[in-house]
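Understanding the architecture of this molecule
Spelled out from the first residue to the last, the chains are:
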Amino acid sequence: MKKWIYAFYALMAVLVSAVAYDRFVVGTGGSHDPVPLQAANVDMSDKESLQRGAKVFRDYCLSCHGLSSVRYNQLVKIGISEDDIKRQMITNNGKAGDLMQVASRREDAAKWFGVPPPDLSLVASARNPDWIYTYLISFYRDDERPTGWNNALFPNVGMPHALWTEEGIKVPKFVEKEEHGEKVKVIEGYDMQRAGLLEKPEDYQRMAHDVTNFLTWASEPDQLSRKYIGFGVLAFLLILFFLARQLSKNYWKDIH
Ligand code: HEC
C-alpha cells in the first residue's frame, strides 16, 4: 500500500482549500451592493502602479484618512527610495518611522462630515479591492447632499468626491425600473457635466486602480515578503516529500 499517496492527497487538499478560502470566502463582496462591482485587477507586483497610488493617496486622501498599518519607511518595499520618502511622501514634520497618520483632527472631521473618515488600512481589509475600486468610480454630482456629492455604490455617503478635479463632474442618467413590483429609479450611465484634468475615462479608471492597488498593499505591507516565504516553505515541503518517498522506496526494496 502506498501511504505516501494519501499524504500527497492530504497536502493537495489543504492547498486547494486554502486557495479556495482566499478566493471565495475572504474575497467575496456583499451580495446586496446597489451596483455590480467592477474588477479592480489588483497586482501587488506592479510597483509603478503602487507608487502612483501612494502619491495619489498622499495628495488626495491623507488629509482625511490615516493608514495605521503603514510606516513611511515601509514604502521602500514598493520601490520608493528613502530620499523620496523623506522629500516627497512625508508632508508634515514627521519622521520616516512614523505611521501614515492624518493631518486633520478626527473630531473636526466628524463634525464636518457627520462621520469620521475611517482608517483606510482597516477598510481595505474589511472590504475587497473590487468594492474600493467601484466606490472610487461611482461618485456623482448631487446637489441635495450636504457635500454636493453622492455615490452609486454607497448611497448618501458622507465623503465628498476627493478626486473630482481629476475625473471631472458626472451627473447620472436615471431610468425607472420595476423591482419586486415597485417602481425604483436606477442609474444607467452618466453624462459628463465638466471635464477633469484627466482626458479620458480610462485615465481616471487607471488612477482609481492605482489607489486601490496601493490600499490593498497597505492593508498588509508585509504581504509581498510573506508570500515569498510561503512559496519557499511549500517548495521545501515538496522537496522533502520526494526525498522521503525515495528513501522509503529504498528502504522497503529488499524486504518485499
Ligand atoms: C474630505 C475628507 C475626505 C477625503 C479627502 C477622502 N475621504 Fe474617504 N471618506 C471620508 C468620510 C467622511 C468617509 C465616511 C463616509 C460614510 O461613512 O458615510 C469616507 C469613506 C471612505 C471609504 C469607505 C469606507 C467604508 O468602508 O465605509 C473609502 C474606501 C474611502 N473613503 C476612500 C478614500 C480615498 C481612496 C480617498 C482619496 C482618493 C479619500 N477617501 C478621500 C472623507 C474623506
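Residues numbered from 1 in each chain as written. Predicted model: local features only at pLDDT ≥ 70, side-chain atom pairs only at ≥ 80, totals over all residues. Heavy atoms only, no water.

Under the annotation held in an unreviewed UniProt entry, the protein carries the name Cytochrome c1 and is attributed to Formosimonas limnophila. Under the UniProt heading Subcellular location (unreviewed entry), the entry covering the protein gives this text: "Membrane". (UniProt positions renumbered as here; feature names shortened; annotations may be inferred.)

1. Notes on the coordination of the iron atom of the ligand
The coordination sphere of the iron atom of the ligand contains the protein donors His65 (NE2) and Met159 (SD), at a distance range of 2.0 to 2.1 Å. Around the iron atom of the ligand sit 6 donor atoms, and with donor-metal-donor angles ranging over 87 to 178 degrees the site reads as octahedral. You can see His65 sitting in the loop between α2 (47–60) and β1 (67–71) and its partner Met159 sitting in the loop between β4 (149–151) and α7 (164–167), a full 94 residues away along the chain. Among the residues examined, His65 registers a relative accessible area of 9% and is labelled buried. (Donors = N, O, S within 2.8 Å, 3.2 Å for Na, K, Ca; no water. Tetrahedral: all angles 85-135°; square planar, octahedral: opposite > 155°, others 65-115°. Helix = DSSP H or I, 4+ residues; strand = E, 2+ residues; numbered from the N terminus. Buried < 20%, exposed > 50% of the residue type's maximum accessible area, 1.4 Å probe, protein only.)

2. Focus on the site of the ligand
Lining the immediate environment of the ligand, one finds 22 residues, of which Cys61, Cys64, His65, Arg127 and Met159 sit closest. With respect to the ligand, the side chain of His65 contributes an N or O atom lying 2.8 Å from a nitrogen atom. In this structure, an oxygen atom belonging to the ligand sits 2.7 Å away from a main-chain N or O atom of Gly158. Those elements giving two or more residues to the shell around the ligand turn out to be α5 (120–126) and α6 (129–136). (Near = heavy atom within 4 Å. Polar contact = N/O pair within 3.5 Å; in protein donor to acceptor, adjacent residues only side chain to side chain.)

3. A look at the pairing of strand β5 (residues 168–179)
Bridge count between β5 and strand β6 (residues 182–195): 11 bridges; the pairing is antiparallel. Bridge assignment links Ile169 to a residue of β6, and that residue is Arg194. (Pairing = 2+ DSSP bridges.)

4. Observations concerning the nonpolar core
Ranked by size, the top nonpolar core spans 39 residues in total, and within it Phe57, Leu67, Leu75, Phe214, Leu215 and Trp217 carry the most contacts. Here this core gets 8 residues from one element, more than from any other, and that element is helix α8 (residues 201–218). (Core = buried A, V, L, I, M, F, W, Y, C linked by side-chain atoms within 4.5 Å.)

5. A word on the side chain of Asn128
With respect to the helices, strands and loops of the structure, Asn128 is situated in the loop between α5 and α6. When its relative accessible area of 8% is taken as the criterion, Asn128 is described as buried. A distance of 3.0 Å separates the side chain of Asn128 from the backbone nitrogen of Asp130, its partner in a polar contact.

6. Overview of the packing of α2 against α8
In contact at an axis separation of 7 Å, α2 and α8 are set at 95 degrees when each is read in the N-to-C sense. For the element pair α2 / α8, the angle class is roughly perpendicular. Each of Ser49, Leu50, Arg52, Gly53, Ala54, Val56 and Phe57 in α2 lies in contact with α8, whose residues at this interface are Arg206, Met207, His209, Asp210, Val211, Asn213, Phe214, Leu215 and Trp217. Across the contact of α2 with α8, the residue classes tally to 9 nonpolar, 4 polar and 3 charged. (Axes fitted to C-alpha atoms, helices over the stretch in contact; angles between N-to-C directions. Parallel < 35°, antiparallel > 145°, perpendicular 65-115°, else oblique. Contact = heavy atoms within 4.5 Å. Nonpolar A, V, L, I, M, F, W, Y, C, P; charged D, E, K, R; others polar.)

7. Some words on the side chain of Asn151
Its location among the elements puts Asn151 in strand β4. Engagement of the side chain of Asn151 in a polar contact is seen with the backbone oxygen of Tyr135, the distance being 2.9 Å. From its side chain, Asn151 meets the backbone nitrogen of Leu153 in a polar contact 2.9 Å long. Those residues in contact with Asn151, other than ones at most four positions away along the chain, are Tyr135, Ser138, Phe139, Tyr140 and Val157.

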